[in-house]
Amino acid sequence: MRSPNGLEMTEHCATCKIRSSSFFCDLNPPAVKTLDQLRFTSGYPQGALLFVEGDSPRGVFILCRGRVKLSVTSSQGKTLILRIVHPGEVLGLNAAVSGKPYQATAETLDNCQIAFVKREDFLRLLQEHKEASVRAAQQLSSSYQTALGQLRSLGLSHSAPEKLARFLLDWAGQGQDSKHGIRARLTLTQEEIGQIIGTSRETVSRMFSEFRTSQLATMKGSTLIIQDRAALEKLTAT
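Residues numbered from 1 in each chain as written. Predicted model: local features only at pLDDT ≥ 70, side-chain atom pairs only at ≥ 80, totals over all residues. Heavy atoms only, no water.

Asker: Run through the overall build of the chain, naming residues and quoting values.
Answerer: Scanning the chain from terminus to terminus reveals eight helices and twelve strands. In the chain, buried positions account for 42% of the 238 residues. When contacts within the chain are restricted to residue pairs at least 6 apart in sequence, long-range pairs at least 24 apart make up 68% of them. (Helix = DSSP H or I, 4+ residues; strand = E, 2+ residues; numbered from the N terminus. Buried < 20%, exposed > 50% of the residue type's maximum accessible area, 1.4 Å probe, protein only. Contact = heavy atoms within 4.5 Å.)

Next up, the structure:
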């Protein structure tokens, strides 16, 4: 089945060909069966808002395909991207469990397949299936660790080049070695990168130019190439 935006949709979790070991993708068969009965799956286009910071928690959104960014905005309109969510993760988990408003805004970065589960149904799933509760706790712990890492990067980094170097090194963890260096797919805009590391788009553009001139790292379209990992690591150690 295809969504209106042409995305190939998976109708059942048990027969999903893109299931991974990430959080709720790898539940045991009884829990997967229950989840299949509770979820409503839809295709979302790039730029769709799943929920907005401050909204009451209607439920959780399980990302099946695509990427979603979580961000917060200050009263002055400054945006900070908290993290990029990948398939298998649950969005709105903290709000659903606590009953408090969503703490961030969730926006799709790609065409996405997302399963929605009403809050009351999701809480019942956690109560009835121990493994689902454990997976929820694991994701909350992982999100906490990610938040600490970002706070450390933003608060303890002394300069914008150091922040960008940390970001690129983290992103390079998803890449592969090549004769030119580590290659990784990076489809974020310079403005979005700035929103992640807490600086302006203009500063990110200038630093990329400096990194390219120094043969530390370069961008070719959506491909990031880390040419000198050791030099970037040295920047983060200052």
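Here the narrative resumes, following the displayed structure.
Asker: Can you tell me about the packing of helix α5 (residues 160-172) against helix α7 (residues 201-213), naming the residues and giving the values?
Answerer: Direction vectors running N to C along α5 and α7 enclose 75 degrees, while the axes themselves pass 10 Å from each other. On the basis of their axis angle, the class for α5 and α7 is roughly perpendicular. Residue-level contacts link Ala160, Pro161, Leu164, Ala165 and Leu168 of α5 to Thr203, Met207, Phe208 and Phe211 of α7. Grouping the amino acids of the contact of α5 with α7 by side-chain chemistry returns eight nonpolar, one polar and no charged. (Axes fitted to C-alpha atoms, helices over the stretch in contact; angles between N-to-C directions. Parallel < 35°, antiparallel > 145°, perpendicular 65-115°, else oblique. Nonpolar A, V, L, I, M, F, W, Y, C, P; charged D, E, K, R; others polar.)

Asker: Please set out the packing of α5 against helix α6 (residues 190-197) residue by residue, giving values where relevant.
Answerer: Remark: α5 packs on α6, axes separated minimally by 10 Å, with the N-to-C direction vectors making an angle of 105 degrees. Looking at the two axes, α5 sits roughly perpendicular to α6. Where α5 approaches α6, its residues Lys163, Leu164 and Phe167 are matched on the opposing element by Ile193, Ile196 and Ile197.

Asker: Before we move on, could you go through the pairing of strand β4 (residues 68-73) and cite the residues and values that matter?
Answerer: Pairing of β4 with strand β5 (residues 79-85) involves six bridges; the strand directions are antiparallel. Across the sheet, the residue bridging to serine 71 is isoleucine 81, located in β5. Hairpin connection of β4 to β5: five residues between the antiparallel strands, including glycine 77 at a positive phi of 90 degrees. Judged from the four bridges that link them, β4 and strand β7 (residues 105-108) form a sheet pairing that is antiparallel. Following the sheet pairing, valine 68 is matched in β7 by threonine 108. (Pairing = 2+ DSSP bridges.)

Asker: Tell me about the pairing of strand β11 (residues 217-220), and name the residues and values.
Answerer: Taken together, the four bridges between β11 and strand β12 (residues 223-226) define a ladder with antiparallel strand orientation. The residue bridging alanine 217 from the neighbouring strand is isoleucine 226, located in β12. Connecting β11 to the antiparallel partner β12 that follows it, the hairpin turn spans two residues, and glycine 221 within it adopts a positive phi of roughly 65 degrees.

Asker: Hey, could you go over the nonpolar core for me, with residue numbers and the actual values?
Answerer: By size, the foremost hydrophobic cluster in this structure holds 26 residues, and its most contacted members are Leu164, Phe167, Leu168 and Leu188. Taken together, the elements giving at least two residues each to this core come down to β5, α5, β10 (181-185), α6, α7 and β12. Among the elements that line this core, the one with the most residues is α5, at seven residues. Among all residues touching leucine 188, those that are not within four sequence positions of it are Arg67, Ile84, Leu109, Phe167, Trp171, Ile193 and Ile196. Counting 18 residues, the second-largest nonpolar core is a separate cluster that includes Val32, Val90, Leu126 and Ala132. (Core = buried A, V, L, I, M, F, W, Y, C linked by side-chain atoms within 4.5 Å.)

Asker: Which residues make up the sheet that holds β12, and what values do they have?
Answerer: Taken in spatial order, the four strands make up an open sheet running β9-β10-β12-β11, and their pairing is antiparallel. Strand pairing shows two members of the sheet lacking a second neighbour, β9 (176-178) and β11, which therefore form its edges. Recorded for the sheet is a direction-independent mean angle of 30 degrees between the axes of neighbouring strands. Across the face of the sheet, α5 comes into contact with β10, β11 and β12 while running at roughly 105 degrees to β12.

Asker: Mind laying out the side chain of threonine 34, listing which residues take part and the relevant values?
Answerer: Structurally, the position occupied by threonine 34 is in helix α1 (residues 29-38). Aside from chain neighbours lying at most four places away, what touches threonine 34 is Leu125 and His129.

Asker: Please give an account of α1 that cites residues and values.
Answerer: Along α1, the positions that sit buried rather than exposed are Ala31, Val32, Thr34, Leu35 and Leu38. Viewed end-on, α1 has its buried residues packed into an arc of 160 degrees, placing them on one side of the element. Exposed residues pointing more than 90 degrees away from the buried face of α1 are listed as Pro29, Lys33 and Gln37. Contact partners of the buried residues in α1: β1 (40-44), β3 (59-65), β8 (112-118) and α3 (119-128). The N-capping residue of α1, defined by a side-chain oxygen 3.0 Å from the backbone nitrogen of alanine 31, is asparagine 28. (Arc of directions from axis to C-beta. Polar contact = N/O pair within 3.5 Å; in protein donor to acceptor, adjacent residues only side chain to side chain.)

Remember that the coordinates give geometry; whether it matters functionally is a separate question.
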